[in-house]
Amino acid sequence: MDRHTTNRNLRLLVIELFWASIAIACYSFAAAFLIRLGGSNLMVSLLTSAAALVNALISIPFALFLEQIGNRRPWIIGSLLALRLGHIGLIFIPFLPAYRAEAMVALLLLINVPVALFNAGWLPMLGDIVPLAQRARLFSARNMTMGITVMTTTFLMGRWLDAAPFPANYQLMFALAVVASLLSTVYVARLTIPPSPVVEGAPGRHRPTFVEVRALLRQQRSFANITINTLIFNIAFWMGTPLQPIYFVRELGASDGWLGVWLALISGGQIIGNLVWPRLIEKRGYSWVLLRATAASALYYFLIGAVPDLTLILLFALLFGAVSPGVEISHFNILLEVCPPERRAFSIGVFVTVMNVGFFVATLACAPLIDVVGAQALVLILAGVRLIGALLFVVNPVRAATIEMAKVH
């Protein structure tokens, strides 16, 4: 693509995320919504684990399907539109006479079918349309846009949820999310997406073989390393998704307003982090940043587990938000570069599948583990697991020639 087209795409990628971030902020209250609908700890775990299971089952088949299609644009935009329209169902959940929590989990499970298809096309596409030299800056701009928008929206929505009667407060918030997400889709549809390389497969074959997956992991050592390291590293984050609302709301008595401030401060920290980490990447490189940011991120889980004070946890949230961009920007760019360009869709499909299997197991195990050891103790255990995962990036290194040689300007 020429420079003008590339720059136009970069602008659109930032603008669309502004609208998407409003929806992301609203949907971040989904676990609290489920709890207030009477959902049990198990249902809160299922809210995320069921989605991960769907993604684990269909990510690789969708990736192989898209590898045989040069023009992936209609599939990317169509799947994005389907998943965003699917969220309309959240508005009507409170009208059900019974089984509201179950219906909510089932709805989000179905929505994750188009999510898997979208990710199979979207993630490889970013590697195609965003030059390596501009990725750190772009992802920083996107993250800052998301951070500012999510921070503002979660704070306002938290105040709104406390002030307005339930369930109308959540229904109106989800209506706002649907409108904002559709506006985001409009901007995604304006992207110029070049044709993708087509990998010819055997006629009628729509499923991968274990031989293909095994060959990828054996032949691409760095890809195998980043997959293993990330799997261990993310266990705390995945289990923390249902665990933190349970820990904060049930044990520490957090209100919707407090959750809004907590989410807003995480986003505020991300704004700070996105000002700092890209500059460090330019000076030190992606790998240097990844090693230090992953280690720093484990500190958050130690702090919220060792100091169960809602006021101090807000400070810890700010610190966690500041560290997160260092992990996200460095990790995603290294992942793109260790994937073979001609098989990037399949490679990312394998990676996403492994991650979603881990996500499914971790979130599903959350509720029974809380019953056994308690929420606070589980947070501290996860802090240790997070630190082990960070250390794996040192003892099990991930190297990509393009990353090591690249100079980001």
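For the structure, see preceding data.
Everything in this summary refers to the structure shown in the same document. On a predicted model such as this, the values are computed, not experimentally measured, just so you know. (Residues numbered from 1 in each chain as written. Predicted model: local features only at pLDDT ≥ 70, side-chain atom pairs only at ≥ 80, totals over all residues. Heavy atoms only, no water.)

## A short note on the packing of helix α10 (residues 221–233) against helix α15 (residues 344–373)
The geometry of α10 relative to α15 is characterised by a closest axis approach of 10 Å and an angle of 20 degrees between their N-to-C directions. Classified by the angle their axes make, α10 and α15 are roughly parallel. Where α10 crosses over α15, the two elements pack in a sense that is right-handed. Contact residues: α10 offers F223, I226, T227, T230 and L231, while α15 offers S347, V350, F351, V354, M355 and G358. Here the residues of the contact of α10 with α15 sort into seven nonpolar, four polar and no charged. (Axes fitted to C-alpha atoms, helices over the stretch in contact; angles between N-to-C directions. Helix = DSSP H or I, 4+ residues; strand = E, 2+ residues; numbered from the N terminus. Parallel < 35°, antiparallel > 145°, perpendicular 65-115°, else oblique. Left-handed = near helix turned anticlockwise from the far one by under 90°. Contact = heavy atoms within 4.5 Å. Nonpolar A, V, L, I, M, F, W, Y, C, P; charged D, E, K, R; others polar.)

## Brief notes about the environment of C366
Counting through the fold element by element, C366 comes out in helix α15. Sequence-wise, C366 and W238 are 128 residues apart; in three dimensions their C-alpha atoms are separated by 9.4 Å. Those residues within four positions of C366 in sequence are excluded, and the remaining contacts are S45, M239, P242, L243 and L378.

## Some details on the pattern of salt bridges
Taken as a whole and assessed by the stated rule, the structure comprises four salt bridges. In this structure, R142 engages E16 in a salt bridge whose closest nitrogen and oxygen atoms are separated by 3.0 Å. Pair noted here: R142 is in helix α7 (residues 132–163) and E16 is in helix α1 (residues 3–27), with a separation of 126 residues, a long-range link. Across the pair, E16 and R142 agree in class, each one buried. Salt-bridge contacts for R36 lead to D256; the nearest nitrogen and oxygen are separated by 2.9 Å. On the criterion of sequence distance, the pair formed by R36 in helix α2 (residues 30–36) and D256 in helix α12 (residues 256–284) is long-range, its members being 220 residues apart. With relative accessibility at 34%, the residue R36 sits in the partly exposed group. On the basis of relative accessibility, which here comes to 6%, the residue D256 falls in the buried class. (Salt bridge = Lys/Arg side-chain N within 4 Å of Asp/Glu carboxyl O. Buried < 20%, exposed > 50% of the residue type's maximum accessible area, 1.4 Å probe, protein only.)

Taken by themselves, the reported measurements are silent on function.
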